[in-house]
Structures are given as C-alpha cells and as structure tokens.
Amino acid sequence: MNKRAMRRGLTTFWWLTVVFLYLPLAVVMLFSFNASNSAARMTGFSLRWYHQLLGNEQIMSAFANTLILAVISSVIALAIGCMIGYGMYRHRHRKLGWLIILIYLPIVLPDIVFGISEMAFFVQFHRLTGFLQPGLTTMIIAHVTFQIPFVALIVYSRFVGLDPTLFEAAKDLYASPVKRVVHFMLPTIKPALISAFFLSFTLSVDDFVISFFTSGPESATLPIYIWGAIKKGISPEINAIATLMIGAVALAAVFSLMFNRRRA
Amino acid sequence: MTDFTTAVDATGRADSAAPSGEDTGEQSHLQRGASSITLQGLHKRFGRDAVALDGVDLTIEAGEFFTLLGPSGCGKTTLLRILAGLEEADEGQLNIGGKDVIDVPPHHRSVNTVFQSYALFPHLSVRENLAFGLKMRGMPAAQREQKVAEIAQFIKLGDLVDRRIDQLSGGQRQRIALARALVCEPDVLLLDEPLSALDAGLRSQLQVELLRVQKRLGMTFVFVTHDQDEAMVMSDRIAVLNGGKIQQVGAPREVYERPSNAFVARFMGHDNLYRVTARNGNRLTTELGELEVEQDGGGDLVLIRPETLDLKPGHVEGVNHLHGRIAERLYRGSHAEFRLELAGTTLQAVVNNRGKHMPDVGDEVTVLVAPEDLVTLSE
C-alpha cells in the first residue's frame, strides 16, 4: 500500500478517536451556555445557568464538600503513599509479591464492591463504638484508601529512576537520617509528590460510587448532587456543573502530567 | 585545615605566581590533614556463600596514594565501601587516624567518596552540590560560600559552579564530584573507579590532575581500579586483590617486576610463565630449556618479562640463550611485539624500536635473557 495514503488513513483514525472521546463532553459544554432550558435545541448564548448555580445553596455546599474532601484526602494519601512508595523502593530486591498485590488491589477492585465494603465496615464500626458516623470523615477515609496505591506507585517509580548511589552520597556527605529526608529525598521527589497530589485530587473529585456509599445526609458532593438532581431530569444547570468539573479535573490532570514529566 | 587557596590548572600544575614559601606550608598541612588506616582480619560475606572479603590485613600510610587493584568481584569495592561505612564488615577491625571506626555510621566518619557514577544530586546546582557536605555538618552559609569558592578555584571549575548538573559533561561531573568530596577536608578520600566512565584521552588527563591534587594536599587517597596501567601510573603503593584476599602489596615496580604469585603476574599483564621441572643451585630446568637465575625464590614457575628480552639474528651464545623462530610480529611504532615459537611453546617479546634491524616473521633468532630479570614464583 502507498505509504502516504497509509499515514493519512492513520491520521484520520486518530482524529476520529479524539472526536469519539470528546464530542459528548463538547455537547454538555455547549448546552451549558444555552439560553433556553431545552436539552434538544440551542437557542442562544447565555450565562444564566452559571448565575443560577451560585444562588443554589445545595450546589454550593456540595461544591465545598467536594473541595474539602479532595484536598484533605489527597494530603493524607500523599503522606501515607509516600512512605509506602519509599518502603517498596527500599525493599525492592526482596520478594514482596503478595504485599504488592495487596497495595494494588484497590485499583482493580470494582468501585461498587469497594464502596459497599466500606459502608458495611463503617456501619458496624459506628454501631460498636459510636464513632465514624457516615459523613465527610468516612468519605475522607474511603477516598484515602483508593488514592494511596496511586501515590505509592508514582513515588516508587520516581525512586527507582534515581541513581541508587545518591542515597549513599548523602550519607557519605554527613547527612543524618533526618537530614537525608529533608535535604535529599523530599526535594528530589518533589515533582512526583506534586504530580501525585493532583492525581489524587482528580480521583477524589471524579469519584461517585465510593462517595455515594460512604456519605451522610450532610456530606453530598457534586457527583452525588448531580445523581440526585438528574432523577428529576437533566436541567441545563447540571450541564453547567459538569462543564465546571470538566475544567477543574482537566486542569488538575494537566498539572499532574506536567510535574510528573519534570525530572528535576 | 587543608589549604585550597593555591590553584591547580587543568594539567594539575600549581600557578606559577604562587609564593615560593608555599612548599613548607604544604608540608605542615600534610601532617595535619592526612590519616593512616589499619585494617585487621576483615571478613565480609553476602548471603550464605558469596565471600567478598576473606581476612584482609592492611596498613595504609598517611598521605599515601594507595590503590586497590583487582578484577571485578575481587572484593576491592567492598573494601572501599567498608572504609566509607556504607557496608558493615562481619568481622575485623578498622582504624582511621588512630580511631576505631568500625561501628561509626558514614555520616559521622571524616571520610568522603568519589563515586563511579559521580552521584551528583540532580535537584541541586553545582554550587549547592559542592556545599552539601558542609551544610550537613552545620557550617554557616558565609563560611560555606568561601570554602566552595576556594575549592572551585583549586580545581579550576571556573563558571561551572553556576550550571545545572544536567548541563555538565562526564569529565566535568567527575571534577565536580572530586571537588564536592575534597571541600569537606576529609581525613581520607576514597575513589571508586572515578575515571572508568571517561574516554581514554580525558582519562589520562584527569589521572595526572588527580595525582597532582593528591600530592599538593598530601591527603590519604584510597583508589579502586581494575586497570593495572592506571594503578601503576597513580599509586605510591598497590594492593592486588583476588577472591577477597590480598595477593600482594607493594610499590608499582615491585608488583609489576616482582609479582609474588602467578595471579598477580597474569593480572599485571604477564603471559610468559613457564613451569620449572627441576633445579640445581641457580640453574633451573624449565619448559623452555635451561635457565640461570640470579636468585631462586622457590616456586614452580618462572616469569620472563617480554621487555627484558634481547633478540639477536641467528645463533648467538650467552648466559641464557634460547633459539626460536618468529611466528608473529605486531609493529606498534615505538616498539614491536613478537610471538616466538620455541621448545614446543610460545614466548612473547617486546623490543623497542631503535631504528636498527628489526626481525621479521619466519626469522630464526636467539633470545637472550639476563639472570637478574627472571623471577620465580608459585601458582
């Protein structure tokens, strides 16, 4: 076959894939600016649905919950995942097969199984101790559990990419264990940490299933609010929320990629 | 305190502008800056049956350029890492500068290492890399800056100090790694094959530079290499290691000219080893024929260094004369290497090119060898 025709065919295929992936998003974004409340016809450009969002207390509280949940869970996951990632690196020569699988399992486990398990656990725990009533705290714990493996993986792969003698050079140059962490390890993996934070953040904002099972009456996040609102039909307001979320997540994903690529 | 204020240029020569009283000053630094090292009965094994060090006893003098030489897996790097504190010995004693340091962790040892991979911190600039050790020791910033400026001048780093690590070439990284270790003014500097990643030209240039730096500072250097030429050029003394044991310790000439066993002889590049079948006083019967030695040190092998041989055309008589035929000639300009066939075996000879007659392949020649150039040794 002609090489040029082949290349042109592949390019076309690439653009078709992009369209396939992003056209639905484009539709939602377009209709969020619709002047009328029709979900079928675009009648004109308007920001009225965005204005309406600001006035809706439920949406604003869901927005705040989403943000609090994402930030706090990401920070906690970062601290724990960072230590696990370093531990995996330090003991990489040992046979850690089943331990590694334990850490990775949450990534592949269906969200719904994970969510139901978390809910069952919290219900029992609350019944026995009186602590951990479903709400933001239980959601934070649940989110941290699925964020940790991602953080650990990113940190681990950053350490693996380093010259192992750097650790020895730090020792040789009079750095005590604490100083090695502060002056060598943390600065060296900083780009990976920032990347891991933004990835955790997007995972948290994205999550509906696990949030749904672990939330309480006061702790609805945006995805949970949308789920509830959608039962009454898709309003253009939802399109506006969706558009804002797409923007936020895309931004966080770009940051995550940017810092993961930057090898200090 | 080591004095870095006198610069050494790229070839290692001191600035010609240096005051003439410099030498006496250097002398006093030598006595204060350098430390001797004693090792006794060092043992180290990895896992159950991989023996890295099998009873090493060694004394390294203060201010010495000492080389650990051997093939890979001989234990030389393990030994260096034990000196640095990066590896723990299973058994044995280690004294540096009169202090027992066997249980002292690396960050409390006044010993610095130049690593084979240089191990420069990628998140720091050259300047920050140079200051790292001083900062970790808690030296105030102003003093650090002054020390870094001194070392940068001493090693002639010029504007390299303001670069990022990924902007440096291999040779530049090597010099930064050296400066980063020297600026800490350690009692002992350890160098783990620091030149092995460089190409030949740069390598010999840095060999000279390293040697001159060591002589100026009078610091104890312990150098690891698998390259016997490098070891001979650089060292005051060499320890040849094999199988976790020291085979021989001595000045380069001793090790090269009087190897104590067949391993050392072969590792130093000697191939002319022949079995001794009988001896009568100083006359040995060997695979090659009768040979007279000046001193028979015992052992069932005799070593004939190729460059001590004299080749004469035809049949000539001498104290030790062997007749053979030239099977191969490698002309190398300054000298030529010959492979001779005689007595059913082969003999290597190296002859300097003095512009006179040079035998060719197929020629019948007489090989003359002086009794004092023969060394007897055991397997």
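Residues numbered from 1 in each chain as written. Chains lettered and ligands numbered in written order. Predicted model: local features only at pLDDT ≥ 70, side-chain atom pairs only at ≥ 80, totals over all residues.

When its secondary structure is counted, chain A shows 11 helices and zero strands. Walking chain A from its N terminus toward its C terminus, one meets helices and strands in the order α-α-α-α-α-α-α-α-α-α-α. On the principal axes, the C-alpha backbone points of chain A span a range of 70 × 70 × 35 Å. Residue burial in chain A is summarised as follows: out of 264 residues, 32% are buried. Long-range pairs, those at least 24 residues apart, make up 80% of the contacts in chain A between residues at least 6 apart in sequence. (Helix = DSSP H or I, 4+ residues; strand = E, 2+ residues; numbered from the N terminus. Buried ≥ 20, exposed ≤ 12 C-beta atoms within 10 Å, placed from the backbone. Contact = placed C-beta atoms within 7 Å.)

A word on the interface of chain A and chain B. Each partner contributes residues to the interface: chain A has 17 residues there, and chain B has 17 residues. Ranked by the residues each element gives to the side of chain A that touches chain B, the list is headed by helix α7 (residues 165-172) of chain A, at six residues. Classifying every residue of the side of chain A that touches chain B gives eight nonpolar, four polar and five charged. (Nonpolar A, V, L, I, M, F, W, Y, C, P; charged D, E, K, R; others polar.)

Residues and elements named next belong to chain B. Even without a glycine there, the phi angle at Tyr-118 is positive, about 70°. Notably, Glu-185 is not glycine yet its phi reads approximately 50°, a positive angle. In this structure, Glu-185 sits in the loop between α5 (170-182) and β7 (188-192). A count of 21 C-beta atoms within 10 Å places Glu-185 in the buried class.

All names here are of chain B. Here we have five strands laid out as an open sheet, ordered β13-β12-β11-β14-β20, and antiparallel in their pairing. Both outer strands of the open sheet, β13 (289-292) and β20 (374-377), are each paired with one neighbouring strand and no more. Adjacent strand axes in the sheet meet at a mean angle of 40°, parallel and antiparallel pairs treated alike. In terms of strand pairing, strand β14 (residues 301-304) meets β20 through four bridges, oriented antiparallel. Within the sheet, the bridge partner assigned to Val-302 lies in β20 and is Thr-376. (Pairing = 2+ DSSP bridges. Axes fitted to C-alpha atoms, helices over the stretch in contact; angles between N-to-C directions.)

This brings us to the packing of helix α1 (residues 3-31) of chain A against helix α11 (residues 236-261) of chain A. Residues and elements named next belong to chain A. Here α1 crosses α11 at 120°, and the two axes come no closer than 8 Å. In terms of axis orientation, α1 runs oblique to α11. Viewed along their axes, α1 and α11 form a crossing whose handedness is left-handed. Facing α1, whose interface residues are Leu-25, Val-28, Met-29 and Phe-31, α11 presents Pro-236, Asn-239, Ala-242, Thr-243 and Ile-246. Looking at the contact of α1 with α11 residue by residue, the classes come out as seven nonpolar, two polar and no charged. (Parallel < 35°, antiparallel > 145°, perpendicular 65-115°, else oblique. Left-handed = near helix turned anticlockwise from the far one by under 90°.)

Before going further, it helps to spend a moment on the UniProt feature "domain: ABC transporter" (unreviewed entry) in chain B. This chain's UniProt record puts "domain: ABC transporter" (unreviewed entry) on residues 37-268 of chain B. Helix makes up 36% of residues 37-268 of chain B and strand 26%. Its end C-alpha atoms lie 25 Å apart. (UniProt positions renumbered as here; feature names shortened; annotations may be inferred.)

So, on to the sheet that holds strand β9 (residues 237-242) of chain B. Residues and elements named next belong to chain B. Reading across from one edge, β6-β7-β8-β3-β9-β10 is the order of the six strands in this open sheet, with mixed pairing throughout. Since the sheet does not close on itself, it has two edges, and those belong to β6 (111-114) and β10 (245-250), each with one partner. Put simply, the sheet's adjacent strands are angled 20° from each other on average, direction ignored.

Let's shift gears to the confidence of the model for chain B. Residues and elements named next belong to chain B. In the predicted model, chain B carries a mean pLDDT of 89, and the fraction of residues at 70 or more is 91%. Considering only residues more than four positions removed or in separate chains, one finds that residues 9-32, a stretch of pLDDT under 50, has 27 contacts. Confidence estimates for the predicted assembly give a pTM of 0.84 and an ipTM of 0.83. (pLDDT = per-residue confidence, 0-100.)

You'll often see interface size given as the accessible area lost when the parts meet. All names here are of chain B. For chain B, the assigned domains are domain 1 (22-262) and domain 2 (271-377). Facing five residues of domain 1, the contacting portion of domain 2 comprises five residues. Looking at the side of domain 1 that touches domain 2, its residues break down into two nonpolar, two polar and one charged. (Domains from an automatic or database assignment.)

A few words on the packing of helix α3 (residues 57-90) of chain A against helix α8 (residues 177-206) of chain A. Residue and element names in this part refer to chain A. Closest axis-to-axis distance for the α3/α8 pair is 8 Å, and the angle between their directions is 135°. In terms of orientation, α3 lies oblique with respect to α8. Crossing geometry of α3 relative to α8 is assigned as right-handed. When α3 is examined against α8, the residues Thr-66, Leu-69, Ala-70, Ser-73, Ser-74, Ala-77, Leu-78, Gly-81 and Cys-82 are found in contact with a partner set consisting of Leu-193, Ala-196, Phe-197, Ser-200, Phe-201, Ser-204 and Val-205. Here the contact of α3 with α8 is composed, by residue class, of 10 nonpolar, six polar and no charged.

Let us look at the nonpolar core. Residue and element names in this part refer to chain B. Within the largest apolar cluster, 106 residues are counted, with the highest numbers of intra-cluster contacts made by Leu-83, Ile-151, Ala-179, Leu-190, Val-222 and Val-367. In this structure, this core is formed jointly by two domains, domain 1 (22-262) and domain 2 (271-377), each of which donates at least three residues. Val-222 has contacts with Ile-60, Phe-66, Leu-68, Leu-80, Leu-83, Val-188 and Leu-190, leaving out every residue within four places of it along the chain. (Core = buried A, V, L, I, M, F, W, Y, C linked by C-beta atoms within 7 Å.)

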